[in-house]
Amino acid sequence: MAETTHFGERTVPLEAKQGLVNEVFHAVADRYDLMNDLMSGGVHRLWKDALVSRLAPPKTGTLPYRVLDINTDMLRVGEERARHWRFGSQARFVEANAEALPFADESFDAYTIAFGIRNVPRIEVALGEAYRVLKRGGRFLCLEFSAVDVPGFDRLYKAWSDRAIPPIGKAVTGDGEPYQYLVESIRKFPPPGRFTAMIERAGFKRVTHTAMSGNIAALHAAWKL
Ligand SMILES: C[S@@+](CC[C@H](N)C(=O)[O-])C[C@H]1O[C@@H](n2cnc3c(N)ncnc32)[C@H](O)[C@@H]1O
């Protein structure tokens, strides 16, 4: 029997998921950051800042880095933005699959992924690839939605997710479907304990997670030792 996975609440053949995810991000790429600001009240920027501070990259601007995404439209928008980044000229934009990184073993000091892994059909394969390309002593940082665990706030968050996000998405991008997928994909993502175990199974050590904003999001950190 063919292997299946989730696309939001739907069960789909594993092979079909990537194409469906690509359609979502193709549809929202140009309004993606605006929507993030509207849905999170700008807080997504603080979560991403937290990832960068945890990484503590050198401030000299001499560090080359790769920005990878499977979706041409998301990359195009990112590349346009990079013109205004302080160290944007150090970035190379690479269209590739997180499940099959086009990089040599042990070639990076750090691997970061923000709100990406939830969308990858074979999460274990992507974690294995992250491990493979990191040098010994390399840092793994993953920002992802999590499961709100603050009583009272969880109900509010559920109501906001179900009743506000898809309509805001429809108003801003002309289509509520991608945002229905967003809400559902957050619910299907493994809870922190289970995701920690997956990171450990990939070979990483000292795996931790830090809850942010009542655990709406979590920063998962680990080392390749
Ligand atoms: C929610 S967006 C996050 C974008 C950006 N990292 C951020 O933090 O704003 C998820 C991204 O994951 C990308 N993606 C989905 N599947 C992927 C895969 N197999 N390999 C690489 N990128 C993938 C999508 O194209 C999309 O741009």
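Model, not experiment: these values are computed from the prediction.

Quick notes on the overall build of the chain
Looking only at helices and strands, the chain features 8 helices and 8 strands. In terms of C-alpha radius of gyration, the chain reaches 17 Å, essentially the compact-globule figure of 17 Å for 225 residues. Seen through its principal axes, the chain has C-alpha atoms that stretch 45 × 40 × 40 Å. Of all 225 residues assigned to the chain, the portion counted as buried reaches 45%. In the chain, the proportion of contacts linking residues at least 24 apart, taken out of those at least 6 apart, comes to 69%. Carbon and sulfur atoms make up 55% of the accessible area of the chain, which amounts to about 12,000 Å² in all. The chain carries 30 positive and 27 negative side-chain charges, and their two centres are separated by 5 Å.

Structural notes on the packing of helix H1 (residues 14-28) against helix H7 (residues 177-188)
Their axes nearest at 9 Å, the elements H1 and H7 cross at an angle of 125°. Here H1 is positioned oblique relative to H7, judged by the angle of their axes. Between H1 and H7 lies a crossing of left-handed hand. Contacts between H1 and H7 involve Lys 17, Val 21, Val 24, Ala 27 and Val 28 from the first element and Pro 178, Tyr 179 and Tyr 181 from the second. Tallied by class, residues from the contact of H1 with H7 come to 7 nonpolar, no polar and 1 charged.

Focus: the site of the ligand
Close to the ligand lie 18 residues, the nearest being Gln 18, Tyr 32, Asp 69, Asn 97 and Ala 98. Gln 18 is positioned such that a nitrogen or oxygen atom in its side chain is 2.9 Å from a nitrogen atom of the ligand. Contact with the protein chains removes 88% of the 600 Å² of surface that the ligand exposes when unbound. At the level of secondary structure, the elements contributing two or more residues to the shell around the ligand comprise H1 and strand E3 (65-69). A total of 3 residues in the shell around the ligand trace back to one element, the largest contributor, which is H1. Looking at the shell around the ligand, its residues break down into 11 nonpolar, 5 polar and 2 charged.

So, H7
If you check H7, its first and last C-alpha atoms are 16 Å apart, about what 12 residues at 1.5 Å a residue would give, namely 16 Å. Along H7, the positions that sit buried rather than exposed are Pro 178, Tyr 179, Tyr 181, Leu 182, Val 183, Glu 184, Ser 185 and Ile 186. On the buried face of H7, the contacting elements are strand E1 (4-7), H1, helix H2 (32-40), strand E6 (134-145) and helix H6 (153-173).

Digging into the pattern of salt bridges
As enumerated under the stated definition, the model contains 15 salt bridges in all. With a closest N to O distance of 2.9 Å, Asp 37 and Arg 45 form a salt bridge. For Glu 144, the salt bridge goes to Arg 118, with nearest N and O atoms at 2.7 Å. Placement of the pair is Glu 144 in strand E6 and Arg 118 in the loop between strand E5 (108-114) and helix H5 (123-133), with a sequence separation of 26 residues. Looking at Glu 144, the relative accessible area reads 0%, which means it is buried. Here the salt bridges share partners, and the residues they tie into one network are Asp 30, Asp 73, Arg 76 and Glu 80.

A closer look at the sheet that holds E5
Paired through backbone hydrogen bonds, the strands of a sheet run either parallel or antiparallel to each other. Read from one edge to the other, the open sheet built from 4 strands follows the order E5-E6-E8-E7, with strand pairing classed as mixed. Every interior strand has two partners, whereas the edge strands, E5 and strand E7 (205-212), have only one. Going from strand to strand, the sheet's axes swing by 10° on average, the running direction of each strand aside. Relative to E6, E5 runs parallel, the two sharing 6 bridges. The residue bridging Tyr 111 from the neighbouring strand is Phe 140, located in E6.

How each quantity is defined
- Residues numbered from 1 in each chain as written.
- Predicted model: local features only at pLDDT ≥ 70, side-chain atom pairs only at ≥ 80, totals over all residues.
- Heavy atoms only, no water.
- Helix = DSSP H or I, 4+ residues; strand = E, 2+ residues; numbered from the N terminus.
- Rg over C-alpha atoms; globule rule 2.2 N^0.38 Å.
- Buried < 20%, exposed > 50% of the residue type's maximum accessible area, 1.4 Å probe, protein only.
- Contact = heavy atoms within 4.5 Å.
- Areas by Shrake-Rupley, 256 points an atom, 1.4 Å probe, with all protein chains shown as cover.
- Lys, Arg positive; Asp, Glu negative; His and termini not counted.
- Charge placed at Lys NZ, Arg CZ, Asp CG, Glu CD.
- Axes fitted to C-alpha atoms, helices over the stretch in contact; angles between N-to-C directions.
- Parallel < 35°, antiparallel > 145°, perpendicular 65-115°, else oblique.
- Left-handed = near helix turned anticlockwise from the far one by under 90°.
- Nonpolar A, V, L, I, M, F, W, Y, C, P; charged D, E, K, R; others polar.
- Near = heavy atom within 4 Å.
- Polar contact = N/O pair within 3.5 Å; in protein donor to acceptor, adjacent residues only side chain to side chain.
- Expected span 1.5 Å × (residues − 1).
- Salt bridge = Lys/Arg side-chain N within 4 Å of Asp/Glu carboxyl O.
- Pairing = 2+ DSSP bridges.

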